[in-house]
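# Notes for the structure review
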Amino acid sequence: MSAEILAFLVLATATVAGGVVTLWSRYVVHSAFGLMLSLLGVAGFYVLLGSDFLAVTQVVVYVGGVVVLYLFGVMLTPPDREERSIRRIAVAGIFAVAALVVLLKAVFGMEGRWYGVDPDRGPASGGAVIREVGNAFMDKEAYLLPFEIASVLLLVALVGAVFIARREGGRGS
Amino acid sequence: MIASILAVLPAAEGIPNPSIPTSWVLLLAALLFILGIYGFLVRRDLIVVFMSIELMLNAANLTFLAAARERMLDPEGQVYAIFVITVAAVEAAVGLALLIAWFRLRATLDVETAVELEG
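Report on the accompanying structure. What you are looking at is a predicted structure, and each value in this text was computed from that prediction instead of being measured.

Counting secondary structure elements, chain B contains four helices and zero strands. Written out in order from the N terminus, the α and β elements of chain B read α-α-α-α. Each of the 119 residues in chain B was classed as buried or not, and the buried ones make up 61%. Sequence separation of at least 24 residues holds for 54% of the intrachain contacts in chain B that already meet a minimum separation of 6. Accessible area of chain B: about 4500 Å², with a carbon and sulfur share of 73%.

Structure, rendered in structure tokens:
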């Protein structure tokens, strides 16, 4: 068993275990930490897949930002005791199994079609690729417009989040 | 069928870590997505519902990057993944703000208490 396979198995275990903890824990704080473990596992997969920049982005944005935001949300709200209803679990299970079947069919129904590599591309190297990504974001012909729209979206969300979470009527409270 | 599932499919030359088959990564992403769907449907706590959405978005990102690696680290995969991460961050910020506003309104996060629009 090579080191890469071992790393894959360890990361897969961490990711899935984190996801299961997120779903099953009765304590929302435990759910948040399970989500953190899962997101770190996904960041590890990004490294294995050769997208180092995305791995760093994942850690900074998700683990450093989103999970901390969730933890703030957890702290601002008291624990909520919820019932486990059999009907709900059954319905969710049916949907999950149906989605699993569809996804498995998608993964295994496409054998051989992934490998249509652009013949002009040479062997991949992470450093060259991230340069291409940067150029694509700044290229009018490529993704410049979506990139700018994303910045406006972030600004709108920032202002909107502050406005929504503000206490009604109170001034500066 | 099972043999083809577990077989190490031939990967393209020159991609990072070619000993890890792309189908394994896709399977893991599918599993993560299923976990997200299950949590989204089964949990009633709004915070955990949001966390399930994050799991699903991450599964989609993993699929993008697995496909990008298979295509000699196609930069488009990373571009789309960055957009997905942006939208996820926006969703978390606005979602948490809505959650706080909602909690002020009714002092619970149970999604089944939202019944005003039922006929």
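Past the structure itself, the notes keep going.
Counting its regular elements, chain A contains six helices and zero strands. Overall, chain A shows an N-to-C arrangement of helices and strands of α-α-α-α-α-α. Burial statistics for chain A: of 173 residues in total, 34% are counted as buried. Contacts in chain A between residues at least 24 apart in sequence constitute 45% of all its contacts with a sequence separation of at least 6.

This brings us to the packing of helix H1 (residues 3-24) of chain A against helix H2 (residues 22-42) of chain B. Where H1 of chain A meets H2 of chain B, the axes come as close as 9 Å, and the angle between the chain directions of the two elements is 5°. One way to sum up the angle between H1 of chain A and H2 of chain B is to call them roughly parallel. Residues Ile5, Phe8, Ala12, Thr15, Val16, Gly19, Val20, Leu23 and Trp24 of chain A of H1 of chain A pack against Trp24, Val25, Leu28, Leu31, Leu32, Leu35, Tyr38 and Gly39 of chain B of H2 of chain B. Across the contact of H1 of chain A with H2 of chain B, the residue classes tally to 14 nonpolar, three polar and no charged.

A separate point is the packing of aromatic side chains. Given two aromatic rings, their pairing is described by the distance between the two centres and the angle made by the two planes. Applying the stated criterion to the full structure yields eight aromatic pairs over all chains. With a centroid separation of 6.3 Å and an interplanar angle of 35°, the aromatic rings of Trp24 of chain A and Tyr38 of chain B are classed as tilted. Of this pair, Trp24 of chain A sits in helix H1 while Tyr38 of chain B sits in helix H2, placing the two residues on different chains. Overall, the relative accessible area of 41% leaves Trp24 of chain A in the partly exposed class. Under the relative-accessibility criterion, Tyr38 of chain B is labelled buried at 15%. Both rings, one in Phe137 of chain A and one in Phe83 of chain B, keep their centres 5.5 Å apart while their planes meet at 85°; by these two values the pair is edge-to-face.

This brings us to the interface of chain B and chain A. Facing 80 residues of chain B, the contacting portion of chain A comprises 87 residues. Interface of chain B and chain A: buried area, both sides summed, is about 7800 Å²; carbon and sulfur atoms make up 75% of it. Three residues, Tyr38, Arg43 and Met51 of chain B, lead the burial of chain B against chain A; their summed loss comes to 9% of the area buried on that side. Counting the contacts that link chain B with chain A gives zero salt bridges. The tally of links from chain B across to chain A stands at twelve residue pairs in polar contact (both at pLDDT 80 or more).

The next thing to look at is a nonpolar patch on the surface. A surface patch of nonpolar side chains, amounting to about 310 Å² of accessible area, comprises Val68, Phe72 and Met75 of chain A. Mapped onto the secondary structure, Met75 of chain A falls in helix H3 (residues 52-76).

A few words now on H1 of chain A. Because an α-helix completes one turn every 3.6 residues, residues spaced three or four positions apart along the sequence face the same direction. For H1 of chain A, built from 22 residues, the straight-helix expectation of 32 Å at 1.5 Å per residue is met to within 8% by its first-to-last C-alpha distance of 31 Å. Taken together, the buried positions of H1 of chain A are Ile5, Phe8, Leu11, Ala12, Thr15, Gly18, Gly19, Thr22 and Leu23 of chain A. Down the axis of H1 of chain A, the buried side of the element spans an arc of 160°, and every buried residue falls inside it. Away from its buried face by more than 90 degrees, H1 of chain A exposes Ala3, Val10 and Thr13 of chain A. Elements in contact with the buried residues of H1 of chain A: helix H2 (28-48) of chain A together with H2 and helix H3 (46-70) of chain B.

Once that is clear, we can look at helix H4 (residues 86-108) of chain A. Taking 1.5 Å as the rise per residue, H4 of chain A with 23 residues should run 33 Å; its terminal C-alpha atoms sit 32 Å apart, in good agreement. If you check which residues of H4 of chain A are buried, you get Arg88, Ala92, Ala96, Ala99, Val107 and Phe108 of chain A.

Our next topic: the environment of Ala161 of chain A. Mapped onto the fold, Ala161 of chain A is located in helix H6 (residues 144-165). In this structure, the C-alpha to C-alpha distance between Ala161 of chain A and Asp139 of chain A, residues 22 residues apart in sequence, is 31 Å.

About the cut-offs
- Residues numbered from 1 in each chain as written.
- Chains lettered and ligands numbered in written order.
- Predicted model: local features only at pLDDT ≥ 70, side-chain atom pairs only at ≥ 80, totals over all residues.
- Heavy atoms only, no water.
- Helix = DSSP H or I, 4+ residues; strand = E, 2+ residues; numbered from the N terminus.
- Buried < 20%, exposed > 50% of the residue type's maximum accessible area, 1.4 Å probe, protein only.
- Contact = heavy atoms within 4.5 Å.
- Areas by Shrake-Rupley, 256 points an atom, 1.4 Å probe, with all protein chains shown as cover.
- Axes fitted to C-alpha atoms, helices over the stretch in contact; angles between N-to-C directions.
- Parallel < 35°, antiparallel > 145°, perpendicular 65-115°, else oblique.
- Nonpolar A, V, L, I, M, F, W, Y, C, P; charged D, E, K, R; others polar.
- Phe/Tyr/Trp six-rings, centres within 6.5 Å; stacked < 30°, edge-to-face > 60°.
- Buried area = accessible area lost by both parts, 1.4 Å probe.
- Salt bridge = Lys/Arg side-chain N within 4 Å of Asp/Glu carboxyl O.
- Polar contact = N/O pair within 3.5 Å; in protein donor to acceptor, adjacent residues only side chain to side chain.
- Patch = residues over 30% accessible without salt bridge, like charges linked within 9 Å, V, L, I, M, F, W, Y side chains within 5 Å.
- Expected span 1.5 Å × (residues − 1).
- Arc of directions from axis to C-beta.

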